[in-house]
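Commentary on secondary and tertiary structure
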Amino acid sequence: MPEDKQSQGLENLLHEKRAFPPSPEFAAQANASADLYDTAATDRVAFWADQARELVTWKTPFTETLDWSGAPVARWFADGTLNAAYNAVDRHVAAGHGDRVAIHFEGEPGDTRTITYSDLLREVSRAANALAALGVEAGDRVVIYMPLLVESVVAMLACARIGAPHSVVFGGFSADALRSRIADADAKVVITADGGYRKGAASALKPAVDEAIAEREGQPATSVEHVLVVRRTGQDVDWAEGRDVWWHEAVEVADVEHTPVWVEAEHPLFILYTSGTTGKPKGILHTTGGYLTQAAYTHLNVFDLKPETDVYWCTADIGWVTGHTYVTYGPLLNGATQVIYEGTPDTPHKGRWWEIVEKYKVSILYTAPTAIRTCMKWGQEIPGGFDLSSLRLLGSVGEPINPEAWMWYRRVIGGDTAPVVDTWWQTETGAIMISPLPGVTAAKPGSAQTPLPGIAADVVDDEARPVPDGGGGYLVVTEPWPAMLRGIWGDLDRFKDTYWSRFRDVYFAGDGAKKDEDGDIWLLGRVDDVMNVSGHRLSTTEIESALVSHPMVAEAAVVGATDETTGQAVVAFVILRSEFAEGAVQDEVQETLRTHVSKEIGPIAKPRTILVVPELPKTRSGKIMRRLLRDVAENRAVGDATTLADSSVMTLIASGLAKPA
Ligand code: WTA
């Protein structure tokens, strides 16, 4: 592999030699010690069985740990039964921790709510009864399209409580994106809100749901029977009598007692759509027992959580997998006290996050490199104006973290003492896979370093041979793990094809990686057509489809170009249809198409730059050579173009860029 981009990153990283061992004080109190690696290595499967028994409460204990006979679909703890909401809530109340705060909610306008585990039990039970009253049964799918509110977490747990898999769709996705996800999951109910607060204003959500499930000519009728609506902003909403139900009316009158539905360990817990290399998003399927086990295990050991004293804050939205595993499930399974924040980091001022850390005495912070780089740009005097001394551990996720950002995070936010854990994982892996252990590992800025105890990962070359220390290649997971995806919703072939066909019998993650001289793993970014913009996964093909769906566009090619703040940025090259090409103005075309992509997919997919070009570089077999376009987008000399069908194309593009379209 390594494409030019990867090898460049690799060069930079090779110069990174710093390492930060944990302080003796931190190591002495840490949940995980070096023994954990030894125990796991002795008998990996037995290790996971122990974790599952220790960290999860089972209604019926399992007797069988792993069944891999149906590979690549694993079955973990399959003859056990349990309930995810019971594990996240009820058992803490039963153990006498009902008065512990589960969630400190901070709304963007400054409103707050404090929810104890007893409160949460009441809310989740009521919501479960309300969903049941709307006809939702075990196995039915429920789509959740919400801002980050207490009700959003409650909604997820209420679904889990009745055995109805939830599918959370990020609130920033458009009505069209929502529609296709609702259709693919064949959802019976959608839970939403009138709106939420973002950047200082109420932003509507319900209209997108109305549009997503409206009848459309020539398309099958929606599967959605009811829309449950949380009142957050109080803005006006259209109302479909009989279909739409206010959350407060349904939930507040519902019984506070609810018996959880005990499900088998392999019962689907959720579907979460993520971008792949084709235009159609993949519904990643996760089941219950294995997912919960690894969520609890990683949250406890990687974040060194002490439920009685820590205040934990993961800044992710529940629309992403990080919000599933490290807002809803992991922390609540471990009985943590956590903060959730509805809004943006710079509303009403750029110190909002640090104000929240100070206010709630946050001790563990988990966020994305993009956010860290943004704060770096804003300047260290902003966090410097707040008391951040409560922070004792920092986590990073979502994209490779550059050593400069890592160092800044540790020094400015972590007071030069808090260990930083760079955690590599994916929607598909369900939970953290590769990360330092904070009390054990001498952390290296920019490296996720080591597969966690119980996880078997490696870096291999084109022929699937493990590369030696110092070598680069593809990241693979070589043994099944409890939280692994169980498939792509409704598409077993795509599941096999995407992850299990590149190399036989091992999981292909889609990431490039290298092993340093100590055997530590450095992640180098995607090797497929998936981009990573601000830690959000976007598919080049999906954005290309959105662009060509506009009447003006004949052809489009999208690449992820390196961007200082967002990691990558979307850059599109379009060929206009001849009737539009004449007299087209670059800036106007760009604006029209940016708005169009925003409507088709959502604002997060909006290209940063759209360049009108006369031709696209293609191989003789018609494949677009994105590598060359990336060179253009990153202002580099164009690389080897000898496999182009028409080698004059790059000159043409360059000349097209030189003069306004
Ligand atoms: C990237 C997010 C480097 C990677 C949890 C992966 C990372 C994709 C890291 C998954 C990290 C995530 N270092 N790269 N610590 N964490 N990635 O599904 O390319 O939204 O394949 O899951 O993000 O993104 P996803």
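Residues numbered from 1 in each chain as written. Predicted model: local features only at pLDDT ≥ 70, side-chain atom pairs only at ≥ 80, totals over all residues. Heavy atoms only, no water.

**Here's the deal with the packing of helix 14 (residues 369–378) against helix 16 (residues 403–413)**
Using the following cut-off: Only the stretch in contact is used when a helix axis is fitted, and all axes are lines through C-alpha atoms; the angle between N-to-C directions ranges over 0 to 180 degrees. Secondary structure elements follow DSSP: runs of H or I of four or more residues count as helices, runs of E of two or more count as strands, with numbering from the N terminus. Our angle categories are set so that under 35 degrees counts as roughly parallel, over 145 as roughly antiparallel, 65 to 115 as roughly perpendicular, and the remainder as oblique. Contact criterion: two residues are considered in contact whenever any of their non-hydrogen atoms come within 4.5 Å of each other.
Between helix 14 and helix 16, whose axes approach to 10 Å, the crossing angle comes to 75°. Compared by their axis directions, helix 14 and helix 16 come out roughly perpendicular. Of the residues in helix 16, those in contact with Ile372, Arg373, Cys375 and Met376 of helix 14 are Glu404, Ala405, Trp408 and Tyr409.

**Observations regarding helix 13 (residues 352–360)**
Here is the rule we go by: A 1.4 Å probe rolled over the protein chains alone gives each residue an accessible area, and that area as a share of the maximum for its type sets the label: buried under 20%, exposed over 50%, partly exposed in between.
Among all positions in helix 13, only Arg352, Trp353, Trp354, Ile356, Val357 and Tyr360 are buried. Immediately downstream of helix 13, the backbone of Lys361 shows phi near 55°, a positive value.

**What to know about the pairing of strand 8 (residues 189–193)**
Formally: Paired strands, in this sense, are two strands between which DSSP finds at least two bridges.
Of all five residues that make up strand 8, five are buried, and the element is covered over most of its length. Burial along strand 8 is two-sided: the face carrying Val189, Ile191 and Ala193 and the face carrying Val190 and Thr192 are both buried. Bridge count between strand 6 (residues 142–145) and strand 8: four bridges; the pairing is parallel. Opposite Ile144, over in strand 8, you have Ile191 as the bridge partner. Alignment of strand 8 against strand 11 (residues 226–230), held across five bridges, turns out to be parallel. Note that in strand 11 the partner of Val190 across the bridge is Val227.

**Side note on the nonpolar core**
Defined as follows: Take the buried residues of types Ala, Val, Leu, Ile, Met, Phe, Trp, Tyr and Cys, join any two whose side-chain atoms come within 4.5 Å, and each joined set is a nonpolar core.
Grouped together as the largest cluster of nonpolar side chains are 120 residues, with contacts concentrated most on Leu120, Leu157, Ile191, Phe303 and Tyr329. Residue contributions to this core peak at nine residues, all from helix 7 (residues 150–161). In this structure, Tyr329 is in contact with Ala84, Met156, Leu157, Ala160, His166, Leu269, Tyr291, Leu292 and His324, ignoring residues within four places of it in sequence. Core analysis: the next-biggest nonpolar cluster, separate from the first, contains 43 residues, Ile182, Ala187, Leu593 and Ile610 among them.

**Some thoughts on the site of the ligand**
To keep it simple, the criterion reads: To be near a molecule or strand, a residue needs just one of its heavy atoms within 4 Å of it. Polar contacts here mean pairs of N or O atoms no more than 3.5 Å apart (in protein, one a potential hydrogen donor and the other a potential acceptor; neighbouring residues in sequence count only if both atoms are side-chain atoms). Residue exposure ignores everything except the shown protein chains as possible cover, and the areas themselves are Shrake-Rupley values with a 1.4 Å probe.
Around the ligand, a shell composed of 17 residues is seen, among which Asp422, Thr423, Thr427, Arg526 and Arg537 lie nearest. Interatomic distance of 2.9 Å between a side-chain N/O atom of Gln426 and an oxygen atom of the ligand. A distance of 2.7 Å is found between an oxygen atom of the ligand and a side-chain nitrogen or oxygen belonging to Arg537. Considering the ligand on its own, with 530 Å² of exposed area, one finds that the protein chains cover 97% of that surface. Broken down by secondary-structure element, the contributors of at least two residues to the shell around the ligand are helix 12 (321–333), strand 20 (420–423) and strand 25 (521–526).

**Some details on unusual backbone geometry**
What is expected of a backbone is that most residues other than glycine have negative phi and most peptide bonds are trans. With omega at 5°, the peptide bond leading from Ala71 into Pro72 counts as cis. Along the polypeptide, Pro72 turns up in the loop between strand 1 (66–67) and strand 2 (75–76). Cis geometry is found at the peptide bond from Thr347 to Pro348, where omega equals -5°. Relative to the elements of secondary structure, Pro348 occurs in the loop between strand 17 (337–341) and helix 13. The phi torsion at Ala464 lies on the positive side, around 70°, for a residue other than glycine. Among the secondary structure elements, Ala464 is positioned in the loop between strand 21 (457–460) and strand 22 (472–477). In this structure, Asn635 takes a positive phi of about 55° despite not being glycine. Looking at the secondary structure, you find Asn635 in the loop between helix 21 (626–633) and helix 22 (649–658).

**Considering the UniProt feature "domain: Acetyl-coenzyme A synthetase N-terminal" (unreviewed entry) in the protein chain**
Inclusion rule: UniProt positions are given in the numbering used here, feature names are shortened, and annotations may be inferred rather than shown by experiment.
As annotated by UniProt and renumbered to match this structure, "domain: Acetyl-coenzyme A synthetase N-terminal" (unreviewed entry) occupies residues 35–88. Annotated as 46% helix and 11% strand, the span residues 35–88 places its first and last C-alpha atoms 28 Å apart.

**Quick notes on the pairing of strand 21**
Neither face of strand 21 is left uncovered, since the one carrying Ala457 and Val459 and the one carrying Asp458 and Val460 both have all their residues buried. Pairing of strand 21 with strand 22, which is carried by four bridges, proceeds in the antiparallel orientation. Across the sheet, Asp458 pairs through a bridge with Val476, a residue of strand 22.

**Topic: the UniProt feature "domain: AMP-dependent synthetase/ligase" (unreviewed entry) in the protein chain**
Using the residue numbers shown here, the UniProt feature "domain: AMP-dependent synthetase/ligase" (unreviewed entry) corresponds to residues 92–489. Helix makes up 30% of residues 92–489 and strand 22%, with an end-to-end C-alpha separation of 32 Å.

**Considerations on the environment of Glu479**
Position of Glu479 relative to the elements: it lies in the loop between strand 22 and strand 23 (487–488). According to the relative accessible area criterion, Glu479 is partly exposed, its value standing at 37%. It is 9.3 Å that separates the C-alpha atoms of Glu479 and Gly454, two residues lying 25 residues apart in sequence. Apart from the residues within four sequence positions on either side, Glu479 is in contact with Arg44 and Ala456.

**Focus: the sheet that holds strand 17**
Judged by pairing direction, the sheet is mixed, and its seven strands sit side by side in the order 5-4-17-16-18-19-20 without closing on themselves. Lying at the two open borders of the sheet, with one neighbouring strand each, are strand 5 (112–116) and strand 20. Strand-to-strand twist in this sheet, taken as the mean axis angle between neighbours without regard to direction, amounts to 15°. With three bridges connecting them, strand 16 (residues 311–314) and strand 17 associate as parallel partners. Each bridged residue has a counterpart across the sheet, and for Trp313 the counterpart in strand 17 is Val339.

**Notes on the side chain of Glu399**
Take Glu399: it is sitting in the loop between strand 19 (393–397) and helix 16. On the basis of relative accessible area, Glu399 is assigned to the buried category, the value being 9%. Polar side-chain contacts of Glu399 include one of 2.9 Å to the side chain of Arg373. Filtering out sequence-adjacent residues up to four positions away, Glu399 remains in contact with Pro369, Thr370, Arg373, Asn532, Ser534, Gly535, Thr566 and Gly567.

**Comments concerning the packing of helix 4 (residues 44–55) against helix 11 (residues 289–302)**
For the record, the criterion: Three classes are used: nonpolar for Ala, Val, Leu, Ile, Met, Phe, Trp, Tyr, Cys and Pro, charged for Asp, Glu, Lys and Arg, and polar for all others, with Gly counted as polar.
The geometry of helix 4 relative to helix 11 is characterised by a closest axis approach of 9 Å and an angle of 85° between their N-to-C directions. Relative to helix 11, the element helix 4 lies roughly perpendicular. In this structure, helix 4 uses Phe47, Trp48, Gln51, Ala52 and Leu55 to contact helix 11, whose residues at the interface are Thr293, Gln294, Ala296, Tyr297 and Leu300. Among the residues making up the contact of helix 4 with helix 11, the classes are represented as seven nonpolar, three polar and no charged.

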